[in-house]
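# Close look at the chain arrangement
Each chain is listed here by its residues.
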Amino acid sequence: MKVLTKIIFLFLVSIFAVRLDAAFIYMDWHVAVDYTINPISFTQPVITINGMFPGPLINATTNDIIRVNVFNDMDIEPLLITWNGIQQRLNSWQDGVSGTNCPILAGKNWTYEFQVKDQIGSFFYSPSINFIKAAGGYGPIRVNNRNVIAVPFPKPEAEFDLLIGDWFYTDYKFIRSAISQGTEFFKLPDALLMNGNGPFGHPSSKSHESLTVEKGKTYRLRISNVGTGLSFNFRIEKHRMVVVETEGSYTDQIELDSLDVHVGQSYSVLVTADQEDGVDYYIVASPKLVNTSTDSTKETLVARGVLHYKNSNILPSGPFPKGPDPFDLDFSINQAKSIRWNMTAGAARPNPQGTFNVSNVTLSQTFILHGSKSYINGAPRNVVNNVSYIDQGTPVKLADYFVNGSGIYDLDKFPKHHIRKTATYKTSVVSGTHKGWLEIVFHNDFSNAMDSWHLDGFGFYVVGFGHGEWSPSERSTYNLLDPVVRSTVQVYPGGWSAVYAYMDNPGMWNLRSQHLMNWYLGQELYVRVHDDDPNPAKERPPPNNLLLCG
């Protein structure tokens, strides 16, 4: 009895300590459509938040509690916002995807409340339904270290958020309508934007992004790929970068001339203003797997900003710095393998990241997931193992809670290890073993396009990349010593990527392609992590403001 009393006392003390250390952040967001911004001289709808594109920064510290009251001021569009990489501990009710939340209808509002529990790092938020993200509605999230946890590099002079992503001149509603009606839409995006701005020096750009620095000082750039489908290579003319963090994990500090950032990914790099003062320099992001050097029609697909030295009045001129061959996949894979976890750094907690490693884990489950395209009833769809996700109007999380999923989904009917012979629609929900280790092998069956996969609710260990068909023998090539932990992993054309995830976060979690077209056309499923223990600490009950639908 004394032991039990002591355990309860320590548990209450730990909760109280977290509450003392946490702050509440309150935000009111008005999400609306603006036809006047026009980043590149084309009148089209841009989704703004409080009149801003990109939207406002969420600047939090580990364990802070965030309340965002979202007003949907769009005319007819329902809306959901998802928090890319924020793990929503024990709280998938706030995840902001169609399987967990009913949408906020036009003219209505709803308040998200979540805690950035035991997290640090660089993330972003974005709309999750109806192809809205193609028109904006995204913004940056920073989660800073608590004062008692050391950051593993000297404090930079300042920090900049760089949200870079591809952009269509075509109205997102037209694209959505076309693909919803079964029309093939293979058009490349028309531009890459940097913080909502067009390329520096291009006659169609209304403005360009500029970061002001002072010679001799070091700055932290938080770079996110918020686009719909293009990976890009990021670089700064005559400046090298030190990679220090990705999606909540401090990395070994490697110095690079350029960095590949794939759809849905975020990085932090340190840049020292160590070049000639009085001169400005190009900031460049150019797409992977696209030849922009010989085709002038693709000039806007190279995002260009300015690194402005404080005392400079000379803008960049001449050719911008060339990056690696955009078709050199070996360069990209080797770089990805070189980005490793900093095993000695603390992050959200005092103990070093290396306390948690995968060198001796026992796997409980393996999912082998092939992302590809197929046709169902004559319409093009994206599929996982030849199954295309269909949203039935009732979030699977609500169905699970109120009617045990009855009539909405059939648990574990999805083929986790093989490809169905015939493509079909399913509302796919699979079980993740609570507190078990899950191995996921992502296959990209497209031969000429990148893919990115994301798992809500977790950070996973990226243990391997490879070409061709994966087999169990590939496990001998895994990095189990210091794999980086993140929530989005790229999958190269015709190749595979392998991750390990520890299923310690009960809830209903979305597993999806981060490529917007793929996601919209069905390349997703849900992982149900359930604990039969009724202790409410295992998973939070529904919020009082729960929306109902379906």
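Residues numbered from 1 in each chain as written. Predicted model: local features only at pLDDT ≥ 70, side-chain atom pairs only at ≥ 80, totals over all residues. Heavy atoms only, no water.

### Description of a nonpolar patch on the surface
There is a patch of nonpolar side chains on the surface, built from Tyr 401, Phe 402, Val 403 and Leu 548 and spanning about 440 Å² of accessible area. Mapping Tyr 401 onto the fold places it in helix 4 (residues 396-403). (Patch = residues over 30% accessible without salt bridge, like charges linked within 9 Å, V, L, I, M, F, W, Y side chains within 5 Å. Areas by Shrake-Rupley, 256 points an atom, 1.4 Å probe, with all protein chains shown as cover. Salt bridge = Lys/Arg side-chain N within 4 Å of Asp/Glu carboxyl O. Helix = DSSP H or I, 4+ residues; strand = E, 2+ residues; numbered from the N terminus.)

### Quick notes on helix 4
Listed as buried for helix 4 are Val 396, Lys 397, Leu 398, Ala 399 and Asp 400. Elements that come into contact with the buried residues of helix 4 comprise strand 22 (387-389), strand 24 (429-432), strand 31 (507-513) and strand 32 (524-529). Positive phi shows up at Asn 404, right after helix 4, with a value of about 55°. (Buried < 20%, exposed > 50% of the residue type's maximum accessible area, 1.4 Å probe, protein only. Contact = heavy atoms within 4.5 Å.)

### With respect to the packing of aromatic side chains
Aromatic rings in a pair are described by how distant their centres are and how their planes are angled relative to each other. Inspection of every chain in the model, using the stated rule, returns 27 aromatic pairs. Their ring planes at 75° and their centres at 6.0 Å tell us that Tyr 478 and Tyr 500 sit as a pair that is edge-to-face. Highlighted residues: Tyr 478 in the loop between strand 27 (460-467) and strand 28 (485-486) and Tyr 500 in strand 30 (residues 495-502), separated in sequence by 22 residues. The buried category is assigned to Tyr 500, whose relative accessible area is 5%. Taken together, Trp 29, Trp 83, Trp 110, Tyr 112, Phe 114 and Tyr 125 form an aromatic cluster joined through their ring pairs. For Lys 322, the ring lying beneath its charged end belongs to Phe 320, and the centroid distance is 4.8 Å. Sitting over the ring of Trp 519, Arg 512 keeps its end group 4.3 Å from the ring centre. (Phe/Tyr/Trp six-rings, centres within 6.5 Å; stacked < 30°, edge-to-face > 60°. Lys NZ or Arg CZ within 6 Å of the ring centre and 35° of its normal.)

### Regarding unusual backbone geometry
With omega at -5°, the peptide bond leading from Phe 53 into Pro 54 counts as cis. Positioned with a positive phi, Asn 63 is a non-glycine residue whose angle comes to about 80°. Note on placement: Asn 63 falls in the loop between strand 3 (58-61) and strand 4 (65-72). Residue Asn 63 is classed as buried on the basis of its relative accessible area of 3%.

### Quick notes on the sheet that holds strand 12 (residues 218-225)
Read across the open sheet, the six strands follow the order 10-9-12-17-14-15; overall the sheet is mixed. Both edges of this open sheet fall to strand 10 (191-194) and strand 15 (249-256), since each of them pairs with a single strand only. The average angle at which neighbouring strand axes cross in this sheet is 25°, direction not considered. (Pairing = 2+ DSSP bridges. Axes fitted to C-alpha atoms, helices over the stretch in contact; angles between N-to-C directions.)

### Let's talk about the pairing of strand 16 (residues 258-261)
Taking every second residue as pointing to the same face, both faces of strand 16 are buried, with Ser 258 and Asp 260 on one and Leu 259 and Val 261 on the other. As paired elements, strand 13 (residues 232-236) and strand 16 share four bridges and run antiparallel to each other. Across the sheet, the residue bridging to Phe 234 is Leu 259, located in strand 16.

### Quick notes on empty space enclosed by the protein
In this approach a probe as big as a water molecule rolls over the atoms, and the regions it shows empty are the leftover space. Within the structure shown, the criterion is met by six cavities of 30 Å³ or more. Volume-wise, the largest cavity comes out at about 60 Å³. Taken together, Thr 82, Asn 84, Phe 124, Ser 126, Lys 133, Arg 512, Gln 514, Leu 516 and Trp 519 make up the lining of the largest cavity. When the residues that make up the lining of the largest cavity are grouped by side-chain class, the tally is three nonpolar, four polar and two charged. (1 Å grid on protein atoms, 1.4 Å probe; cavity = no way out; pocket = protein on both sides within 12 Å on 5 of 7 lines; lining within 4 Å. Points joined across faces, edges and corners; volume = space filled by probe spheres on them. Nonpolar A, V, L, I, M, F, W, Y, C, P; charged D, E, K, R; others polar.)

### Remarks on the pairing of strand 24
Here strand 24 shows two buried faces, one formed by Val 429 and Ser 431 and the other by Val 430 and Gly 432. In terms of strand pairing, strand 24 meets strand 32 through four bridges, oriented parallel. Residue Ser 431 lies in a different strand from strand 32, and its bridge partner there is Arg 528.

### Quick notes on the environment of Phe 458
If you trace the backbone, Phe 458 turns up in the loop between strand 26 (451-455) and strand 27. Remark: the alpha-carbon pair of Phe 458 and Ile 86, spanning 372 residues in sequence, is separated by 8.2 Å. The residues touching Phe 458, leaving out its near neighbours within four places in the chain, are Gln 87, Ser 487, Tyr 502, Met 503, Asp 504, Asn 505, Trp 509 and Val 529.

### Quick word on the pattern of salt bridges
Applying the stated criterion to the full structure yields 20 salt bridges. For Glu 159, the salt bridge identified is with Arg 142, shortest N-O distance 3.7 Å. One end of the pair, Glu 159, is in strand 9 (residues 158-167); the other, Arg 142, is in strand 8 (residues 139-144), with 17 residues separating them in the sequence. By relative accessible area, which is 25% here, Glu 159 ends up partly exposed. With its nearest N and O atoms 2.8 Å apart, the salt bridge here joins Glu 159 to Arg 222. Highlighted residues: Glu 159 in strand 9 and Arg 222 in strand 12, separated in sequence by 63 residues. On the accessibility criterion, Arg 222 (3% relative accessible area) is buried.

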